[in-house]
Structure formats: structure tokens, C-alpha cells
Amino acid sequence: MASFVYDFADGDRNQKDLLGGKGANLAEMTRIGLPVPPGFTITTEACKSFLSLGKEPDGLADEVASHLSALETAMGRRLGDPADPLLVSVRSGAKFSMPGMMDTVLNVGLNDESVVGLADQSSDERFAVDSYRRLLGMFGSTVLSVDDSLFGAELDALKDRRGTANDLDLDVDDLRELVTTYKSLIRNHTGSDFPQDPREQLDLAVRAVFDSWNTGRAVLYRRQERIPQDLGTAVNVQAMVFGNRGMTSGSGVCFTRDPASGAQGVYGDYLQNAQGEDVVAGLRNTVSLADLETIDKPSYDELLAIMEKLENHYLDMCDIEFTIEDAKLWMLQTRVGKRTPGAAFRIAMHMVDESLIDMDEAVRRVTGAQLAQLMFPRFDDDAERTLIATGMNASPGAAVGKIVFDSDTAVALAEKGEDVILVRQETSPDDLRGMVAATGILTSRGGKTSHAAVVARGMGRTCVCGAEALEVDVKSKQLRVRGGDVLREGDVISIDGTTGEVFAGAVAVSDSFVVRHFEGEEVHEDLVSSVARIMEHADATRRMQVRTNADTPEDAARARRFGAQGIGLCRTEHMFLGDRRSLVEDLIVADDEAGQAAALDALLPLQREDFTGILEAMDGLPVTIRLIDPPLHEFLPDFTEVSVAVALEDERGNSDTDHHRMLDAVTRLHEQNPMLGLRGVRLGIVIPGLFKMQARAILEAAADRIAGGGDALPEIMIPLVATVRELDLVKDEIEAVCDEVEDERGVRIPHKVGTMIELPRAAMTAAEIAESAEFFSFGTNDLTQMTWGFSRDDVEAAFFSTYLDAGVFGVSPFESLDTEGVGRLVRHAARTGREARPDLHLGICGEHGGDPASIHFFDEVGLDYVSCSPFRVPVARLEAARATLG
């Protein structure tokens, strides 16, 4: 039977699936000889078994006992021994980093007897009692489910009585009082005393970490970060080292490069006489890592050497947690550090220039989602602003919104479409819902390694931390500014996560430097240089082309500047709105062919003008134009409005008017389910001349472009085809029109005729359809609707949140392609279509064309291009390259 427990000495960094990220990296640091307190890891398989069975799997208790005994032997102490106790930490550690989302318990093994032994062994009674009160607070909240704020309130109340804001000013008698108070809280809220048996403490802590995998905040974080819900977490049991052992001890977090900017240097936070949780919780403001050189130079020098060793070993920016106990440095964790989008691009290129990685790896190191973040607006340099505070620039961006002080309010206002800034003294994992809903996060405490900073960077939220000039009063919902100004919930503020500045009121925003670069402007900024170099290599590397969805010459021109290699979807139905709507109405209510012909003749020059501008903007590149697709009733007036107009005409004695004919048309075309009714290719067959008019407009515009020395490459796409016969009927009409236009204009018009694959039947009969179609473009929006039986306009608001909570799917299938269902249809159609026609051109024009995860699937299937909105074109270019590189 496979083991459920591994010693740190038995693993390595390649075992994250089994040992979790923390356990695998602890094993790796042990393997390369760094000072790591010994311990063992309980695997993710044990967690999954526990969650499935509702109890710990058989054999786990014995394995834990065996490894605990080995740890006791190595340390020369027994867990919770009254005379000289071994204490351990119990920490979560999933495959993917989930900062603060799951539980940790420190100082496990302390009880009423062993706290005396710890005091004697350390010759520091205050340290021992402080460690005990920390265990009671953490164990009470994470294991026994006592409200964490109750412990914090008692600590704050005691400090108020002693007239101090610093817990280091509390003496040993104060801490004994807290121990007694915390025990009473546990007894009063659980009905039982705090467990005194050290092994019982350990077992309960391990179970609590397992259970924390399914807490609401952890589930929400995984959904936000698209982390699978079935991975489970490992549990790391490690001998305690103590940063709260006096002023020669402390805890810190550091980065081998700045996670906010990517700059090289010494970055991190250190807190004397503190355990690690104090640093990330922001309970006391930290000092800079550089200050450690003055406080403890030998430890500082050793730490810098280890930081360099880890970065060269992992070949990436590392995030490191450490503790110093009585001037002895210990490494508690390392991982590839989360970083801001700008830092990701800068670090990748710096490491290329330092010959640590090559350009292929640089492309792998950045993501389309990070590039999209860099394209968000920034504050306008010339905009008026009123500075009220400056904090740490924890996560970049420009965020403007209403002040809110709690998650419930943030979520409620965000659901109404309002932008909010979540303002807290410091955030905790329980604030995650509000952090997800907010456009920005502001705290008065904490630094770049605080919970708020780490989570905000991971989510791409703008964040400013440690703005000490601000006093956050959550109870009264007020933000007091040093100097007297008071802001209240609902007031608007602006925060700059790049500079750390906080402004009263709304500050105007402008395009980011990266967008200005893509627009063709010369921008002298090192971030832009990093982005440009990576994008140049991405374009040289990727196999798939990237087109754009554009319906106007302006959109087409912008997309081309952003790197689009053609248009994958031009929606012609948008061209029939506005002033032209009356011409469509004339077409519908026409009594005879002559009336229909007159309406079509009026539309023809307008359509030709539309296509002329688009073909000019995309000169030399393919332009896929979809013939009109939505139901015709969408172009008709409201039934009630027409009925009222007819009633008024009847009162006047007029019984044969345009209103009467319009009412007849509206009534005739009414459908119970228009998305499955008269639309797409069906319109072209039922209303003679409609598609012929559009084809003529396209081909005449192309002929004019060619005659003028241009290079037009139109691709005419027939929508909603279910059978090859439908396609043949319309294609024959188009080819006949093409022959006429070529004869009339005296030019040959290169063109293709193809279809959208957006019906399951079309996907399953792709081989037959490919005999007629010259290209397929997968319309994954409708294909998803038809495959799932969803009406997108209804289901997302009706029950998608319930489905996500229940795990029916991890992400909306309209946001990221359902590769198991819809993707199987795409794969089948691509394969069988190419078997029938080897030169069949394949693309995708649904919204999934700009989704990074979907792009990787389309590359795997062998599509020739993806098409997306102009703004997403750079994202798709980068992700297409990353898909090629694998």
C-alpha cells in the first residue's frame, strides 16, 4: 500500500501533486542542504481519502506515529514533554499556492504542564506563556471554530487597559491573564476544555487542515484562480523554531526580486520577536528586510546567500519564509513567488539577459491574463488629484470606487454594477469575497508580504497596503485621515497600486503604456521594452494565427495595430440597425418580388460601402464576413406598439395602412424560441435575394479594391448550417453572383465560401459539409448553447452560481470552452472535415477565441487561427505562442 506520510528527506520539488507545493519545496531545501527544521508531510492522497470517507484512512495514524517518533529522536525531545517539550507546527500546503486560504496551527504540543517545561528550558517565561496563548488562539479558531475576532478583541482590550498598542509591552502576568481568558472562551463556546493531550492536539489540527480545503473562502479562491476543486491539500508537520523568543529572534518573508516591480535588490519584511503569522497578518508594521543587516548582520548575510542559491536553483524569483531563533537562521518555506503582471514581464527579460533562461522560457513565464492586466488604464498624468495618504505599492493599477468596509457591502454594491474599494486595517482570509468583488484594496497596516498584498497580486487587483496616515474605523464606517479629514462609506477614493498613493475623489484615467505601445506610439518605458521583446518572440514562435472580430473599419484598423492577421468574424447584422432599420422593414412587409427587390436595391450600396471600408483597413489580409444571422423579427417594432398604432388607425376608419401590414408581418414572424427558428442560412433560403444582395455587396467592394490596386481577400461565411444541402443552395447563389461581378468589373476576385460550425449536427456531419465548404469557423457561443441546451441570456443569472458552488462545472462554459463536451465536437469536426478536405481552413470566432485556456485547446486540435475582440488580440498572440511551446 502506498505511504500516506513522507519525511522531508524523502521528497523533492517534483512531487507537488503528492506532497503539495510547500511539502515538495521543504523537501527540496532539505535535499540541497539548507537549514530546514525537520518534519514530515501527510500527502494529498490522505486528504482526499479523508474528505471522501469522512474519517482518516486506515493506517494513517500509525504512519504519523512512526514519523513523529523519528522526529522526536532527531530532535532529542518528545512532543509535549513536561520537562523539555518538542513543539510542532501544522500547516496546509496544496499543489498550487493558496495564500491564507487554509489553516495553520503553531506551537502544537503545549499544555498546562509543558508550558512550564518550555519556560525552564528556554529560561524565558514570557516567551513560553506567549507561545501558549498563541496556540490557544490559533487552535481555538481554526480547530475548534471559535470566532477568531473574540480572541483578537480580548487582546486589544488588555492592551487598552495597559495603555499600549504594542503586544510586546505586555508582561508575563498579562499573558497569563490572556491564557486564562482564552481557555474560558474555548470552554464557553465549545462546551469543552482545551485538549491537554499533545497527540490529540496534533490529530485534531491535521483534521482541521484537511477540512479547511472545503471552507467557503478556499472554494471561492480556487474558483477565482481556476484551481481544480479535487486536488486536496497536504499537511506539513514540522519542528517549531521560535521567532518570538526575544529581540534576537524574529520572523520574515522575503523575495529574491521585487514582486511588485520585478527590480533586483533586497525585498521583504522582518518583524523582531514575532512568529510568522504576525508578519502576514499585519498586526504590527514590519521593518524592511534591509534593516535586518543592522539588527543581525550574520543572519542577514546568510539569508542573502541562501536567496541567491534558491533563485539560481529554481531559476525564478522565489518567495521565502524564514525565522531567526536566538540569532540562528531557519528556512520555513520557499516557492516560486507570485508577482504582479509588470514584474512577471520584467523578471522574465532580466533573467534572459542574465543568461538564466532562454526566450522560449521567457514566453512560458508570462501569461495572457497578465498581459491583459497591463492593458488596463492608469491614472492620467495631467488629472487633478488630492493626495491624502501614501502606503506600500503592493499591486499595481489604477482603481477608483466607493469606500466599503466589509465584504457583504462590497459584494452587494458590485452586483449593482458599482465600483468599490475595500478598506480594512488589514485583510484576513475571511475578506476574500470582498476582495474578489472590489476593484481595489486599501489597508492601513501591513506591507508587501501581508495577506492583502499577496492575494491582491495573485488576483490582479490594485492594492495599497500600510497607509499609516489613515485610521480605519470599521464599526463607524469611517476613514479618518491624519490632519482631520473624515471619509465615510460611499465616498469615492482613487488608489494607485504602482506608486502607493491614495487620493480623495475620482481621478481620471488614461490608456496604459502597453496599450499606447500596441497603438504604435513610441513609449520609452522599461516595461514596454520587456513586453515588446516577449511579443516579438511569441509571434515568431506561435503556430496559430490570430484574427479579430470587427464590424467597422475603425475596429479593424485598431485590431491590425494590435497585431491581428485578418478578420475572423465580421457580423453583418450590426450593419442593418439605426437608420437602415426602415429598409429592412420594407423588405419584410413587401407584398411581392418587386417590393422585395426595391428594398434590396436600396440596401446594396450601403452594404457595399460597409465592406469597402473594412477591406481597405485589412488590405492584404483575409476578412471573414458572416451573412446576416439573427431572426428577422429582431428588426421589427414591438408587437404592442404596432397593435396600438393599428387600433388608432382603425378608429379613424383606416383599415389598409403600413401599420396593418407591419402588424401582419410581426404576427407572422413571431416565434416561441427565435434562437432555434428562422435565422442564419434558413433566412437566405426562405427570403430570396437577401444573401445574394449581401454577396454582391461584398464581391463588388472587393472588386473595387482590387481595381484600385488593393488586395482584397473576402471569405463569405454562411451561418447556422446543419446540412450540406443548405450550404450548397446558398453557395451556388454566391458563386453565380461572383461570376456576374467578375464579368461586370473585369477582375478576378479571390474568395472563399465556408460555414460556421455552431450546431451539433453540423459538427457530427463535418465530413459531408467539408466537401462543399472551403473553411470552417467554429461558433463556440452557439455551439455551447446548443450542446448544453442552455439559453445563455437566461441561465447565467438563473442558476450558474448554484452550478459553480455545486461543482457541476468549475468555470462557466461560456467563459472557457467545455473541452469534454463541446470540445469533443470541435475535435471531431476538425478531424473528419480535414479527412474529407485536406486543405480545409479551420478557425474559431466565438468569445472563447480570447480565452487563454481555450486557446491552448484549439492549438492542440490543430485549428489554423483564433479570432477575438481587438483588445484581446495581443493576449491571444501570446497564448498561442505558449500553446506552441507547451
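Our subject is the structure that appears above.
Predicted model, so just to flag it, every value in this text is computed and none were measured.

(A) Spotlight on the overall build of the protein chain. Helices and strands together make up the secondary structure of the protein chain, namely 36 helices and 33 strands. Taken over the C-alpha atoms alone, the protein chain extends approximately 105 × 60 × 55 Å along its principal axes. Counting only residues that meet the buried cut, the protein chain has 55% of its 886 residues in that class. If you take every contact in the protein chain between residues at least 6 apart in sequence, the share linking residues at least 24 apart comes to 69%. Accessible area for the protein chain stands at about 35000 Å²; split by element, carbon and sulfur atoms hold 48% of it.

(B) Fine view of the pattern of salt bridges. Going through the model one piece at a time under the given rule, you end up with 68 salt bridges. The partner of Asp 112 in a salt bridge is Lys 183, and the shortest N-O contact between them spans 2.5 Å. In this pair, Asp 112 is assigned in the loop between strand E6 (104–108) and helix H4 (114–122) and Lys 183 in helix H7 (residues 172–190), connecting sequence segments 71 residues apart. Residue classification places Asp 112 among the partly exposed positions, given a relative accessible area of 36%. On the accessibility criterion, Lys 183 (19% relative accessible area) is buried. The partner of Arg 561 in a salt bridge is Glu 519, with the nearest N and O atoms 2.6 Å apart. Taken as a pair, Arg 561 in helix H21 (residues 553–561) and Glu 519 in the loop between helix H19 (513–518) and helix H20 (526–541) lie far apart in primary sequence, 42 residues in all.

(C) Structural context of the sheet that holds strand E24 (residues 501–504). As summarised here, the arrangement of the eight strands in space is E14-E24-E23-E16-E17-E18-E19-E15, forming an open sheet in which the pairing is mixed. Strand pairing shows two members of the sheet lacking a second neighbour, strand E14 (386–390) and strand E15 (392–395), which therefore form its edges. Pairwise comparison of adjacent strand axes, ignoring direction, gives a mean angle of 30 degrees for this sheet. Bridging between strand E23 (residues 492–496) and E24 involves four bridges; their strand directions are antiparallel. Residue pairing in the sheet places Asp 496 in a bridge with Glu 501 of E24.

(D) Local environment of empty space enclosed by the protein. Counted according to the given criterion, the structure contains four cavities of 30 Å³ or more. In this structure, the largest cavity encloses a volume near 90 Å³. Residue lining of the largest cavity: 14 residues in total, with Arg 91, Met 240, Val 241, Thr 323 and Leu 332 positioned closest to the centre. When contributions to the lining of the largest cavity are tallied by element, the ones reaching two or more residues are strand E5 (88–94) and strand E7 (233–239). Of the residues that constitute the lining of the largest cavity, the class distribution is six nonpolar, seven polar and one charged. The calculated volume of the second largest cavity comes to roughly 70 Å³. Here the lining of the second largest cavity takes six residues from helix H8 (residues 198–212), the largest share from any one element. Here the lining of the second largest cavity is composed, by residue class, of eight nonpolar, no polar and four charged.

(E) Looking closely at the environment of Ala 61. Here Ala 61 shows up in helix H3 (residues 60–75). Accessibility expressed as a relative area gives 30% for Ala 61, which makes it partly exposed. For the pair Ala 61 and Phe 4, spaced 57 residues apart in sequence, the C-alpha to C-alpha distance is 9.7 Å.

(F) Representation of the packing of H20 against helix H36 (residues 873–885) within the structure. Put simply, H20 and H36 touch, their axes get as near as 8 Å, and they point 60 degrees apart. Relative to H36, the element H20 lies oblique. H36 is crossed by H20, and the crossing has left-handed handedness. Within the contact between the two elements, H20 uses Ile 534, Met 535, Ala 538, Asp 539 and Thr 541 and H36 uses Pro 874, Arg 877, Leu 878, Ala 881, Thr 884 and Leu 885.

(G) Quick look at the packing of helix H23 (residues 593–617) against helix H27 (residues 690–707). At a minimum axis separation of 8 Å, H23 and H27 run at an interaxial angle of 45 degrees. When the axes of H23 and H27 are compared, the pair comes out oblique. Crossing hand, H23 versus H27: right-handed. Only Leu 690, Met 693, Gln 694, Arg 696, Ala 697, Ile 698, Glu 700, Ala 701, Ala 702, Asp 704 and Arg 705 of H27 make contact with H23, whose side of the interface consists of Leu 600, Leu 603, Leu 604, Gln 607, Arg 608, Phe 611, Thr 612, Leu 615 and Glu 616.

Cut-offs and rules
- Residues numbered from 1 in each chain as written.
- Predicted model: local features only at pLDDT ≥ 70, side-chain atom pairs only at ≥ 80, totals over all residues.
- Heavy atoms only, no water.
- Helix = DSSP H or I, 4+ residues; strand = E, 2+ residues; numbered from the N terminus.
- Buried < 20%, exposed > 50% of the residue type's maximum accessible area, 1.4 Å probe, protein only.
- Contact = heavy atoms within 4.5 Å.
- Areas by Shrake-Rupley, 256 points an atom, 1.4 Å probe, with all protein chains shown as cover.
- Salt bridge = Lys/Arg side-chain N within 4 Å of Asp/Glu carboxyl O.
- Pairing = 2+ DSSP bridges.
- Axes fitted to C-alpha atoms, helices over the stretch in contact; angles between N-to-C directions.
- 1 Å grid on protein atoms, 1.4 Å probe; cavity = no way out; pocket = protein on both sides within 12 Å on 5 of 7 lines; lining within 4 Å.
- Points joined across faces, edges and corners; volume = space filled by probe spheres on them.
- Nonpolar A, V, L, I, M, F, W, Y, C, P; charged D, E, K, R; others polar.
- Parallel < 35°, antiparallel > 145°, perpendicular 65-115°, else oblique.
- Left-handed = near helix turned anticlockwise from the far one by under 90°.

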